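# Examination of the molecular architecture
Read off the chains here:
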Amino acid sequence: MEKNASWYRWYVVVLLLLVFVLSYFDRYILSLLVEPIKKSMNLSDFQIGLLLGPAFSLFNVVVMIPLGVLADRANRKWLLVVGIVIWCTMTAMSGFAMSFLPLLLFRFGLGLGEAVVSPCSVSIISDYFGRKERARAISLYMAGPYLGAGLAFLAGGALVSMLHESGPVDLGIHTFQPWQLAFLLVGIPGFVFALLMLTVREPVRTERIGPQGGAQASAVRYMLERWRGFGVLTLGATCNFAMSTLTLWNVPLFQRVHGWSVVEIGAVTGLFYFTAGPIGTALALWASKALGKGKEDSAMRVLILGLFITVPASALYPILPSPELAVVAMFIAFIGKSTATAGGPAALQMITPGEMRSRSVAIFNTVIMLVGPLLGPPLIGAVTDWMGTPKAIGVALSGFVIVVGVPTLLVVCFGLKHYRALAAQMAGTLDNGGTTGGEPGVADGNPAPA
């Protein structure tokens, strides 16, 4: 068997993509259950915001960097297996929650389990592909958030509606409310993916800039010493992730302002994820060639293009007077977010040495999640509560986009030169003695299956 057959490398990408899809499905299912949970537990919008954002993000942020360090030294495949089992267990256990505190704790556990997904997956993909193919492979992988959220809204919306019509279900051990049963049903399939991960071979780490057996450099120090290049990339990705948190409020927005049902909102939002998401990914693949023309900063240009599409559209759709106009603007916003999402991680890998890839992704994700899901949902909920009417949610969402998005657009445009210089420096280092890759074997000494 050949060491690294093309079909097997792409099989790994697709499997990791499906794991990513599953993680977003489990993460987003809560947004379809806002109103029944709020009614059942007598919660405020601020408490709902805590469940949507910090409850997931807090542990995710706290453990992501330590897990990223571990992923740069340990077997990434096994870390993914353990992470999948943890988050699926926490999702299923959410179906047993009877009050706010247990549900909050289970969301903490969800964030803990999912913290390994991106650092390990992006690192594995980067070691299976050389620099010329890497952006393409990572761009495909980064379709995961949109496919996962789309599946959550489309299939999850139908599931929630069906369970609501059926009413409470007695399974012997517990009588489940419809929203509780939804958590249980979406948590179970993940254990199948944990088993499928056993078919993945751990690749050898490539593109090291130091000795193979030497001490690993500090990713934090490396990034801080090059803070201008890493900073402009991280700021752009943070802004895009912040725009994505608006989707967590789509169900209450369209319910309160336009009178839509959960099924209608779920169908439209899910359809957008399945259509606008791939369109944005395709746009990213095209733009990486058309805008960069082979240059090292092409992925960063893709991120900036996505931001110029998503920021104006995201500011508009929550405050437009009719649902028809709102969904058109939201569709455009989704395309922009998907384009920018594909560009961010690919841009990061072009300026990061192989021995610190998992840690760099962990640090990158930690920073963007501090502004996005950690602060966005509860802040929007608090502003809505402060304005005194649930229908003010549209104004709160639009204001959040303007405050975060406009300054970011200015900074990333003027700061592109710093990223470009860092990417050129990285390429030069590899050309002059660094270890390049693209034909990895496996860490345990066995060849990857053909």
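Note that the structure is predicted; figures quoted are calculated from it, not measured. (Residues numbered from 1 in each chain as written. Predicted model: local features only at pLDDT ≥ 70, side-chain atom pairs only at ≥ 80, totals over all residues. Heavy atoms only, no water.)

## A few points about the overall build of the protein chain
- Counting its secondary structure elements, the protein chain contains 20 helices and 2 strands.
- By the burial criterion, 60% of the 450 residues in the protein chain qualify as buried.
- Pairs at least 24 residues apart make up 86% of the contacts formed inside the protein chain by residues separated by at least 6 positions.
- Working note: accessible area of the protein chain is about 17000 Å², and carbon and sulfur atoms make up 70% of it. (Helix = DSSP H or I, 4+ residues; strand = E, 2+ residues; numbered from the N terminus. Buried < 20%, exposed > 50% of the residue type's maximum accessible area, 1.4 Å probe, protein only. Contact = heavy atoms within 4.5 Å. Areas by Shrake-Rupley, 256 points an atom, 1.4 Å probe, with all protein chains shown as cover.)

## Some remarks on empty space enclosed by the protein
- A complete count under the given rule lists 2 cavities of 30 Å³ or more for this structure.
- The calculated volume of the largest cavity comes to roughly 520 Å³.
- Together, 38 residues line the largest cavity, and Tyr 24, Arg 27, Pro 145, Phe 241 and Ile 368 are the ones closest to its centre.
- Counting only elements with at least two residues in the lining of the largest cavity, the list comes to α1 (6–28), α4 (54–71), α6 (100–114), α7 (117–128), α9 (144–166), α13 (227–244), α17 (323–349) and α18 (357–371).
- When its residues are assigned to classes, the lining of the largest cavity shows 24 nonpolar, 10 polar and 4 charged.
- Its boundaries defined by the atoms lining it, the second largest cavity holds a volume of some 50 Å³.
- If you trace the second largest cavity, you find it lined by Ala 135, Ser 139, Ala 284, Ser 288, Ala 299, Val 302, Ala 342, Gly 343 and Ala 346.
- Counting residues per element, the ones that place at least two in the lining of the second largest cavity are α8 (131–141), α15 (262–290), α16 (298–316) and α17.
- Among the elements that make up the lining of the second largest cavity, the one with the highest residue count is α17 (3 residues).
- Of the residues in the lining of the second largest cavity, the class split is 6 nonpolar, 3 polar and no charged. (1 Å grid on protein atoms, 1.4 Å probe; cavity = no way out; pocket = protein on both sides within 12 Å on 5 of 7 lines; lining within 4 Å. Points joined across faces, edges and corners; volume = space filled by probe spheres on them. Nonpolar A, V, L, I, M, F, W, Y, C, P; charged D, E, K, R; others polar.)

## Side note on the environment of Phe 100
- Tracing the backbone through its elements, the reader meets Phe 100 in helix α6.
- Relative accessible area serves as the criterion here: at 18%, Phe 100 is assigned to the buried category.
- Measuring from C-alpha to C-alpha, the distance between Phe 100 and Ser 40 comes to 9.9 Å, with 60 residues separating the pair along the chain.

## A few points about the packing of α15 against α16
- Interhelical geometry of α15 versus α16 gives an angle of 130 degrees and a closest axis separation of 8 Å. With respect to α16, the axis of α15 lies oblique. Handedness of the α15/α16 crossing: right-handed. Contacts between α15 and α16 involve Leu 283, Ala 284, Ala 287 and Ser 288 from the first element and Ser 298, Val 302, Leu 305 and Ile 309 from the second.
- When the residues that make up the contact of α15 with α16 are grouped by side-chain class, the tally is 6 nonpolar, 2 polar and no charged. (Axes fitted to C-alpha atoms, helices over the stretch in contact; angles between N-to-C directions. Parallel < 35°, antiparallel > 145°, perpendicular 65-115°, else oblique. Left-handed = near helix turned anticlockwise from the far one by under 90°.)

## Quick word on unusual backbone geometry
- A positive phi angle, close to 55 degrees, is found at Asn 42, a residue other than glycine.
- Structurally, Asn 42 can be placed in the loop between α2 (34–41) and α3 (45–52).
- Judged by relative accessible area, which is 69%, Asn 42 ranks as exposed.

## Quick notes on the layout of surface pockets
- Taken as a whole, the second largest pocket encloses approximately 300 Å³ of empty space.
- Along the wall of the second largest pocket there are 14 residues; nearest its centre are Pro 36, Val 160, His 164, Pro 178 and Val 262.
- When residues of the lining of the second largest pocket are traced back to their parent elements, those giving at least two are α2, α9, α10 (178–187) and α15.
- For the lining of the second largest pocket, the element with the highest residue contribution is α9, accounting for 4 residues.
- Along the lines of polarity and charge, the residues of the lining of the second largest pocket split into 8 nonpolar, 4 polar and 2 charged.

## Some details on α2
- Taken together, the buried positions of α2 are Val 34, Ile 37, Lys 38 and Met 41. For α2, the buried positions fall inside an angular range of 100 degrees around the axis, keeping them on one side.
- Looking at the packing, one finds that the buried side of α2 touches α3, α6, α10 and α14 (250–258).
- Immediately beyond the C-terminal end of α2, within one or two residues, lies Asn 42, with a positive phi of roughly 55 degrees. (Arc of directions from axis to C-beta.)

## Some words on the packing of aromatic side chains
- By the definition in use, this model includes 13 aromatic pairs.
- For the ring pair Phe 20 and Tyr 24, a centre distance of 5.4 Å and an interplane angle of 80 degrees mean the geometry is edge-to-face. Here Phe 20 pairs with Tyr 24, and both are found in helix α1, just 4 residues apart, close to one helical turn.
- Residue Tyr 24 is classed as buried on the basis of its relative accessible area, which comes to 7%.
- Within the aromatic cluster, the residues linked to one another by ring pairs are Trp 7, Tyr 8, Tyr 11 and Tyr 128.
- Its end group placed over the ring of Phe 129, Arg 9 keeps NZ or CZ at 4.8 Å from the ring centre.
- Arg 27 extends its terminal NZ or CZ atom over the ring of Tyr 24, reaching a point 4.0 Å from the ring centre. (Phe/Tyr/Trp six-rings, centres within 6.5 Å; stacked < 30°, edge-to-face > 60°. Lys NZ or Arg CZ within 6 Å of the ring centre and 35° of its normal.)

## Observations concerning the environment of Ile 363
- Residue position: Ile 363 is located in helix α18.
- Taking the C-alpha atoms as reference points, Ile 363 and Gly 68, separated by 295 residues in sequence, lie 7.9 Å from one another.
- Residues contacting Ile 363, with those up to four places away along its chain left out, are Ile 65, Ala 219, Val 220 and Met 223.

What is shown is where atoms sit, not what they do.
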